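The residues making up each chain are set out below.
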Amino acid sequence: MNIIVCLKQVPGTTEVKIDPQTNTLVRQGIKNIINPFDAYAIEEGVRIREQHGGKVTVVTMGPPQAEEALREAISLGADEAVLLCDGAFAGADTWATAYALSQAAVKLEPYDIIICGRQTIDGDTGQVGPEMAEMLEIPFIAYVSKIEEITDGTLRVRRMVEEGHEILETTLPAVITVSKEINLPRLPSLRGITKSKSAVIPTWNAEELGAEKDKVGLSGSSTKVIKVFFPQRISESEMLEGDCETQADTLISRLKDASLI
Amino acid sequence: LEYFLTEEQKTIKGLARKLAEERILPIRAELDEKEEFPWAIMKDIADSDLFRVFVPEEYEGLGGGCLDLCLVVEELSRICSGVAVSYAASALGCMTLMEYGTDEQKKKFLPDIASGKKLGAFAITEATAGSDASNIKTTAEKVEGGYLLNGTKQFITNGGEAEIYTVIALTDKTKGARGASAIIVEKGTPGFTFGKKEKKIGIRASATSELVFRNCLVPEENLLGKPGLGFIQAMRLFDRSRPGIGSQAVGLAQGALEVAVDYAQERVQFNQPIISIGVVQSMLAEMAIQVEAARALVYAAARMVDSGAKNVTEESAMSKVFASDAAMKVTTDAVQICGGTGYMRDFPVEKMMRDAKILQIYEGTNQILRNAIAVNLRKRKARTP
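My aim in this report is to walk through the structure given alongside it, one point at a time.

Procedures and definitions
Residues numbered from 1 in each chain as written. Chains lettered and ligands numbered in written order. Predicted model: local features only at pLDDT ≥ 70, side-chain atom pairs only at ≥ 80, totals over all residues. Heavy atoms only, no water. Helix = DSSP H or I, 4+ residues; strand = E, 2+ residues; numbered from the N terminus. Contact = heavy atoms within 4.5 Å. Areas by Shrake-Rupley, 256 points an atom, 1.4 Å probe, with all protein chains shown as cover. Lys, Arg positive; Asp, Glu negative; His and termini not counted. Charge placed at Lys NZ, Arg CZ, Asp CG, Glu CD. Rg over C-alpha atoms; globule rule 2.2 N^0.38 Å. Buried < 20%, exposed > 50% of the residue type's maximum accessible area, 1.4 Å probe, protein only. Buried area = accessible area lost by both parts, 1.4 Å probe. Salt bridge = Lys/Arg side-chain N within 4 Å of Asp/Glu carboxyl O. Polar contact = N/O pair within 3.5 Å; in protein donor to acceptor, adjacent residues only side chain to side chain. Nonpolar A, V, L, I, M, F, W, Y, C, P; charged D, E, K, R; others polar. Pairing = 2+ DSSP bridges. Arc of directions from axis to C-beta. Expected span 1.5 Å × (residues − 1). Axes fitted to C-alpha atoms, helices over the stretch in contact; angles between N-to-C directions.

1. Topic: the overall build of chain A
Then, in step 1: Secondary structure summary: chain A contains seven helices and eleven strands in total.
Then, in step 2: With the C-alpha coordinates of chain A rotated into their principal frame, the extents come out at 75 × 45 × 40 Å.
Then, in step 3: Taking as baseline every contact in chain A between residues at least 6 positions apart, the subset at least 24 positions apart corresponds to 70%.
Then, in step 4: Taken as a whole, chain A presents about 14700 Å² of accessible surface, with 51% of it coming from carbon and sulfur.
Then, in step 5: Charged side chains of chain A number 26 positive and 39 negative; the gap between the two group centres comes to 7 Å.

Now the structure itself:
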């Protein structure tokens, strides 16, 4: 099994700052961590490899410092890592990100399964996984909570839905995104840490990816963040007058007016 | 203080801390309450390669020494001393093997200890042999096909949970301590059973049991080193393992100090956090001094062991005595600072105080160790004209 795990380095705190000019995240000077949902993806990738053999390659698109996240992934059991890094990638929305990652997947062919976390904790869109599947023209399953079975060319998974779970089967290769119910990520091991320190991590730029310039970064982004703001908190209260019945009638008519009942 | 740890040692310490905070902290109260052996944590420790730290590289370990082991024990003990001792006891259980075993013996047992697949344990104490460790009664009679063990070991850490036991028994009972030998006994050997599991004041996550040998036949090749050297081997072992108990004390005291500081910072009385009250500051400062002094002594003793020094009896005894007395004092004061809250079982410091007491007792009571230190002082004095 050749497994690709996509991950993102995200700010490790809740102190997210937004650049007022570009309306994108300010990343400088903030301690970064592996997006927590991606940690489940790494763990599941490593577990699949432990059971079925093969290798786990972790891929991220980001600034040079994102290499730390890749090294951490290796200390957690991943075999190889690739960093997609190029000034041209800057300012990418989910679509442009998915494009770069899917180009990397093509370059890493053959692969059997691509695993992503269900969403990031900074952007929170949950779109990159499905967009990659779309670009690669392979099946996609979101919110996987358990790998039921992997047999010759097919994958059977359980996924969370609102009122229970579904069992789905797909051919491979496929993209899945995983939820936190899928496993408990292991801690790094000392041998993993040693390996991660000496691992050679190639960096691929846009050209090496064979990416079209206008499809990556800000120019490849079809969405733009116009404004990021904190919603204003408004709370109002009103005391109803009269006896109980009058108050009840008033309340009902108010709720009806507000289309709440 | 700066202890000039190597990069590798910093990594080991950092990983042990991460493991303790992420995996042990959420369940430590439950482990204490239920007196349950922490198998899930042992697996986490194994998966992180921390059992490999003290095993030589040629037997699938990472080749670390006494200080490396101490760093792991300290960090585990900072969160739960019961878990820390279960880990440390596995190391204790295979140290005699590492020092006196043949290549074949090491190949057979060490890789499973290193991977954490099996735990080790060391057994010398008996009903008649505590501080007077030479007064053991368990026999290992040489018979055809090996040694026949009879007797009962008491208060054995990891008893019942470990797979590999280093047992000190008399291969020649006419010679007393000079007839003692170290023998490896595997769990499941016919005639080897476990007696009662003890209920303890503290370190309640750890298992402490009797080992019962009734005509238990152990293969001859399980004898470690030469017959008759068991007592000396055991004493030498403890000289090298005592900094480990010291580090357990350092971690425990460190944990208690941190809780006390946090509490003193948050607890408001007379319109001020109690940390701004002089008498509390004085207690906290004294605790911090005790912790750091203990750490410095333990690390220095551990480094002396790692240097290959021939005689480390005094230094390792000092590190164990000082650190365990410090842990008892610091944890008691931590409860005092936390007041009524500290006395309650919902708060972690009462457990730390209970956990501290054993450190003054096991691997040589602080009294017998002071005695050993004094004996050395007298010997040196006698030698100088």
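2. What about the overall build of chain B?
Then, in step 1: Helices and strands together make up the secondary structure of chain B, namely eleven helices and ten strands.
Then, in step 2: For 385 residues, the compact-globule formula gives about 21 Å, and the C-alpha radius of gyration of chain B, at 21 Å, lands near that figure.
Then, in step 3: Along the first, second and third principal axes, the C-alpha set of chain B runs to 80 × 60 × 40 Å.
Then, in step 4: With 385 residues in all, chain B has 56% of them scored as buried.

3. Section: the interface of chain A and chain B
Then, in step 1: On the chain B side, the residues contacting the eleven residues of chain A number 14 residues.
Then, in step 2: For the pairing of chain A and chain B, the buried interface totals around 1000 Å² over both sides, and the portion due to carbon and sulfur atoms is 65%.
Then, in step 3: The interface formed by chain A and chain B includes one salt bridge.
Then, in step 4: Salt-bridge contacts for Arg191(A) lead to Asp49(B); the nearest nitrogen and oxygen are separated by 3.4 Å.
Then, in step 5: Applying the counting rule to chain A against chain B returns six residue pairs in polar contact (both at pLDDT 80 or more).
Then, in step 6: Taken together, the residues that form the side of chain A that touches chain B break down as six nonpolar, two polar and three charged.

4. Describing the pairing of strand β8 (residues 154-161) of chain A
Residues and elements named next belong to chain A.
Then, in step 1: Direction of pairing for strand β7 (residues 140-151) relative to β8: antiparallel, over a ladder of six bridges. Residue pairing for β8: Thr151 is matched across the bridge by Thr154.
Then, in step 2: The turn linking β7 back onto β8 is made up of two residues, and Gly153 within it adopts a positive phi angle of 75°.
Then, in step 3: Relative to strand β9 (residues 164-171), β8 runs antiparallel, the two sharing eight bridges. Bridge assignment links Arg158 to a residue of β9, and that residue is Ile167.
Then, in step 4: Two successive antiparallel strands, β8 and β9, enclose a turn made up of two residues.

5. Here we look at helix α5 (residues 190-198) of chain A
Then, in step 1: Looking at α5(A), one finds that the buried residues are Leu190(A), Gly192(A), Ile193(A) and Ser196(A). Projected down its long axis, α5(A) carries its buried residues within an arc of 155°, all on one side. Exposed residues lying more than 90 degrees from the buried face of α5(A) are Thr194(A) and Ser198(A).
Then, in step 2: Looking at the buried side of α5(A), the elements it contacts are α2 (67-75) of chain A together with α1 (7-24) of chain B.

6. Focus: unusual backbone geometry
Then, in step 1: Omega for the bond connecting Glu109(A) with Pro110(A) falls within 30 degrees of zero, at 0°, which places this linkage in the cis form.
Then, in step 2: Among the secondary structure elements, Pro110(A) is positioned in the loop between α3 (94-107) and β6 (113-117).
Then, in step 3: Residue Pro173(A) is bonded to the preceding Leu172(A) through a cis peptide linkage, with omega at 0°.
Then, in step 4: Tracing the sequence through the fold places Pro173(A) in the loop between β9 and β10 (174-178).
Then, in step 5: At Asp49(B), a residue that is not glycine, the phi angle is positive and equals roughly 75°.
Then, in step 6: Locating Asp49(B) in the fold gives a position in the loop between α3 (39-47) and α4 (66-79).

7. Notes on helix α11 (residues 366-383) of chain B
Residue and element names in this part refer to chain B.
Then, in step 1: Helix length check: α11 (18 residues) gives 26 Å between terminal C-alpha atoms against 26 Å at 1.5 Å per residue, within 8%.
Then, in step 2: All of the buried residues along α11 are Asn366, Leu369, Ile373 and Asn376. Summarising the axial view, the buried residues of α11 lie within an arc of 80°, below the 170-degree limit, and thus occupy one face. Turned more than 90 degrees away from the buried face of α11, the exposed residues are Gln367, Arg378, Lys381 and Ala382.
Then, in step 3: Looking at the buried side of α11, the elements it contacts are α7 (230-266) and α9 (313-343).

8. Comments concerning the environment of Glu99(B)
Residues and elements named next belong to chain B.
Then, in step 1: By secondary structure assignment, the location of Glu99 is in helix α5 (residues 81-100).
Then, in step 2: Taking the relative accessible area as the measure of exposure, Glu99 reaches 37% and is therefore partly exposed.
Then, in step 3: Taking the C-alpha atoms as reference points, Glu99 and Leu224, 125 residues apart in sequence, are found 9.1 Å from one another.
Then, in step 4: Contact partners of Glu99, with chain neighbours within four places excluded, come to Arg236 and Arg240.
Then, in step 5: Here Arg236 takes part through its side chain, which lies 2.5 Å from a polar atom of the side chain of Glu99.

9. Topic: the sheet that holds β10(A)
Residues and elements named next belong to chain A.
Then, in step 1: Here nine strands make up an open sheet; going across it, the order is β9-β8-β7-β10-β6-β1-β4-β5-β11 and the pairing mixed. In this open sheet, the two edge strands, each paired with only one partner strand, are β9 and β11 (203-204).
Then, in step 2: Helix α1 (residues 36-52) contacts β1 (2-6), β4 (55-61), β6, β7 and β10 of the sheet and is inclined by roughly 150° relative to β6.
Then, in step 3: Each of β1, β6, β7 and β10 touches helix α4 (residues 128-136); the most contacted strand, β6, lies at about 155° to it.

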